[in-house]
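Listed below, chain by chain, are the residues.
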Amino acid sequence: MLDTTRSAGTRHRSSILVTGAAGNLGREVVDRLQAHGARVRSLVRHQTGPRPGAESVVGDLTDPTVVREALVGIDAVFLIWPLLDSAPAHHLVAELITAAPRVVYLSTTAIDDEASRQSDPIVQVHADMEALLHDAGLRPVVLRSDTLASNTRGWAPQLRAGDVVSGPEAARTAVVDERDVADAAVAVLLAQRDQLDQGLYVLTGPEVLSRADQVAHLGAALRRRLRFQALPADLARSQMLADGRPEPLVEALIAASMRRPESNCTTDHVERLTGRPAGTFMRWAIDHAAEFS
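Here the structure is a predicted model, which is why all the values come from computation and not from measurement. (Residues numbered from 1 in each chain as written. Predicted model: local features only at pLDDT ≥ 70, side-chain atom pairs only at ≥ 80, totals over all residues. Heavy atoms only, no water.)

Quick look at the packing of helix H3 (residues 89–99) against helix H4 (residues 121–135) now. Between H3 and H4, the shortest axis-to-axis distance is 10 Å and the interhelical angle comes to 35 degrees. Crossing geometry of H3 relative to H4 is assigned as right-handed. Two secondary-structure elements touch here, H3 through Ala89, His90, Val93 and Leu96 and H4 through Met129, Leu132 and Leu133. (Axes fitted to C-alpha atoms, helices over the stretch in contact; angles between N-to-C directions. Helix = DSSP H or I, 4+ residues; strand = E, 2+ residues; numbered from the N terminus. Left-handed = near helix turned anticlockwise from the far one by under 90°. Contact = heavy atoms within 4.5 Å.)

Structure below.
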């Protein structure tokens, strides 16, 4: 477990920039950093309601002026890259080189380090971003996260309407609670550099689950008999487009469902960083059951 007490008391109070701060994971990171007494600055694309104790900068990560403003006085950055293309990140990297904060990058466990090309566009952009940050000499700490449990929030409208979740099939993975990822990220962001024994951590949940498994766990938490219905690619594509998702994202998600291999990997890296084991998806489902009622 890393020591995160350096931001307290009369010692240096860390200033952390959190990108993607309005998202499921970003919100958890901001809350935990504030609880540790860090100064938090959020970078969000759209103005949201004020959060007590947190500054905010509104703008786009691809805008060098916005990034430059957001990085003033910052010790560390929690970086979530939101695009399916790494090319616009070159201006961001240039600003990071100038400001020289610690960079903690959220990546994916789906990366195959031996492959010349990754399985799908989502994994490819993460691999490209890792390479870009490393090649720039930024020495990022990379957190490769498995599928976040919070992704299942996208099923809420279907579960309010009935007992069937339909969508594209996906390879089984060790689904991880976003609260555990946030705890691990905060531990790295607030740790002394000499405490980090490597620049790469692989964050997984304790069990490998299919989408049908996740739906069954949600059903147990809701005390309902739920089932997952896998849709063929064309039907899944039509459904996601009808839901209003951008076409490039839909195509990337379909590619991921068809090409991404199953992963049976589980690690103890959450426990190594936070001092406690990763929580189960069942625990997440129970804690969030009200969102699906």
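With that out of the way, let us pick up unusual backbone geometry. Positive phi values are uncommon outside glycine, yet alanine 100 reaches one of about 60 degrees. As for its position among the elements, alanine 100 is in the loop between H3 and strand E5 (102–108). Positive phi values are uncommon outside glycine, yet arginine 223 reaches one of about 60 degrees. Among the secondary structure elements, arginine 223 is positioned in the loop between helix H7 (211–222) and strand E9 (227–231). With a relative accessible area of 80%, arginine 223 lands in the exposed category. (Buried < 20%, exposed > 50% of the residue type's maximum accessible area, 1.4 Å probe, protein only.)

Okay, the environment of glutamine 239 next. Along the chain, glutamine 239 falls in helix H8 (residues 233–242). As for glutamine 239 and phenylalanine 281, which are separated by 42 residues in sequence, their C-alpha atoms are 26 Å apart. For glutamine 239, the contacting residues outside a window of four places in its chain are Gln158, Ser166, Gly167 and Leu231. Here serine 166 takes part through its backbone oxygen, which lies 3.2 Å from a polar atom of the side chain of glutamine 239. (Polar contact = N/O pair within 3.5 Å; in protein donor to acceptor, adjacent residues only side chain to side chain.)

This part takes up the nonpolar core. Side chains of nonpolar character tend, in soluble globular proteins, to be buried together. Grouped together as the largest cluster of nonpolar side chains are 36 residues, with contacts concentrated most on Val18, Val29, Leu33, Phe78 and Leu143. Looking at this core element by element, the count peaks at 9 residues for helix H6 (residues 178–190). One finds Leu61, Ala89, Val93 and Leu133 within the second-largest nonpolar core, a separate group that totals 23 residues. (Core = buried A, V, L, I, M, F, W, Y, C linked by side-chain atoms within 4.5 Å.)

Now for the environment of leucine 71. Among the secondary structure elements, leucine 71 is positioned in helix H2 (residues 64–71). Leucine 71 gets classed as buried once you look at its relative accessible area, which sits at 6%. For the pair leucine 71 and leucine 96, spaced 25 residues apart in sequence, the C-alpha separation works out to 7.9 Å. If we skip the residues at most four places from it in the chain, leucine 71 touches Leu17, Arg41, Val77, Glu95, Leu96, Ala99 and Pro101.

Another aspect to go through is H3. Taken together, the buried positions of H3 are occupied by Ala89, Leu92, Val93, Glu95 and Leu96. For H3, the angular spread of buried residues about the axis comes to 160 degrees, placing them on one side. Looking at the packing, one finds that the buried side of H3 touches H2, strand E4 (76–79), E5 and H4. Just past H3, the residue alanine 100 takes up positive phi, approximately 60 degrees. (Arc of directions from axis to C-beta.)

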